[in-house]
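# Breakdown of the fold
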Amino acid sequence: ERRCRGRMEAAGDALEEVLNNALSQRSVTVGVYEAAKLLNVAADSVVLCLLAADEEDGRDVALQIHFTLLQAFCCENDINILRVSNPARLAQLLRAAAAPPADLHCVLVT
């Protein structure tokens, strides 16, 4: 278990670095609707799709349908997908970019 925890921390640190770099380059798109719009017109520019949901979000059927569609689209377009189980931490990382929309369930990095 200790080894697994170390890997998770390393993955979290790597994600934080990726987001910080993407934010500084203004290459982050936040929100399910905004992500869908970007994927529709410029899917080839997207390198990472973050899908964030906590336990409460897991009971939101509409959100789960959006996630399923986004995952299918990303898989078909060879876009890396990462599920994030701590949307609050993701929100902290994204606060650096002015005021992001309230919908932090989907974040794209281009």
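All values derive from a computational prediction rather than experimental measurement. (Residues numbered from 1 in each chain as written. Predicted model: local features only at pLDDT ≥ 70, side-chain atom pairs only at ≥ 80, totals over all residues. Heavy atoms only, no water.)

## Comments concerning the sheet that holds strand 4 (residues 106-109)
Read from one edge of the open sheet, four strands run 1-4-2-3, paired in mixed fashion. The open sheet has two free edges, formed respectively by strand 1 (28-30) and strand 3 (80-84), since each of these has just one partner strand. When strand polarity is set aside, the average angle formed by the axes of neighbouring strands in this sheet is 15°. The sheet contact formed by strand 2 (residues 48-52) and strand 3 spans five bridges and is parallel. Across the sheet, residue Leu51 finds its bridge partner in strand 3, namely Arg83. Sheet contacts for helix 2 (residues 32-42): strand 1 and strand 4; angle to strand 4, the most-contacted strand, approximately 35°. (Pairing = 2+ DSSP bridges. Helix = DSSP H or I, 4+ residues; strand = E, 2+ residues; numbered from the N terminus. Axes fitted to C-alpha atoms, helices over the stretch in contact; angles between N-to-C directions. Contact = heavy atoms within 4.5 Å.)

## Points about the environment of Gly12
Relative to the assigned elements, Gly12 resides in helix 1 (residues 2-24). Gly12 sits in the partly exposed class, given a relative accessible area of 35%. Between the C-alpha atom of Gly12 and that of Arg89, which follows or precedes it by 77 residues, the distance is 10.0 Å. (Buried < 20%, exposed > 50% of the residue type's maximum accessible area, 1.4 Å probe, protein only.)

## Some thoughts on unusual backbone geometry
A positive phi angle, near 55°, is found at Arg26, a position not held by glycine. Of note, Asp78 is a non-glycine position whose phi angle comes to about 55°, a positive value.

## Describing the nonpolar core
If you look at the biggest cluster of nonpolar residues, it comprises 17 residues, and the most contacted ones within it are Leu39, Cys49, Cys106 and Leu108. Elements with a minimum of two residues in this core: helix 2, strand 2, helix 3 (61-76) and strand 4. Leaving out residues up to four positions away in the same chain, Leu39 has contacts with Val46, Leu70, Phe73, Cys74, Ile79 and Leu108. (Core = buried A, V, L, I, M, F, W, Y, C linked by side-chain atoms within 4.5 Å.)

## Considerations on helix 4 (residues 87-94)
For an α-helix the count is 3.6 residues per turn, leaving residues at separations of three or four pointing the same way. Here helix 4 has its buried residues at Pro87, Leu90, Ala91, Leu93 and Leu94. Relative to the axis of helix 4, the buried residues are bounded by an arc of 160° and lie together on one face. Residues of helix 4 that are exposed and point more than 90 degrees away from the buried face comprise Ala88 and Gln92. (Arc of directions from axis to C-beta.)

## Notes on the environment of Asp78
Position of Asp78 among the secondary structure elements: in the loop between helix 3 and strand 3. On the accessibility criterion, Asp78 (72% relative accessible area) is exposed. Through-space distance from the C-alpha of Asp78 to that of Asp44 is 8.8 Å; in sequence the pair is 34 residues apart.

## Topic: a nonpolar patch on the surface
Together, Val61, Ile65 and Leu69 make up a nonpolar patch on the protein surface, roughly 320 Å² of accessible area in all. By secondary structure assignment, the location of Val61 is in helix 3. Here Val61 falls in the exposed class, since its relative accessible area comes to 59%. (Patch = residues over 30% accessible without salt bridge, like charges linked within 9 Å, V, L, I, M, F, W, Y side chains within 5 Å. Areas by Shrake-Rupley, 256 points an atom, 1.4 Å probe, with all protein chains shown as cover. Salt bridge = Lys/Arg side-chain N within 4 Å of Asp/Glu carboxyl O.)

## What to know about the environment of Cys106
Tracing the sequence through the fold places Cys106 in strand 4. You can call Cys106 buried: its relative accessible area is 0%. Cys106 sits 72 residues away from Glu34 along the chain, and the two C-alpha atoms are 8.8 Å apart. Setting aside residues no more than four positions away along its own chain, Cys106 makes contact with Thr29, Val30, Gly31, Val32, Ala35, Cys49, Leu50, Leu51 and Leu70.

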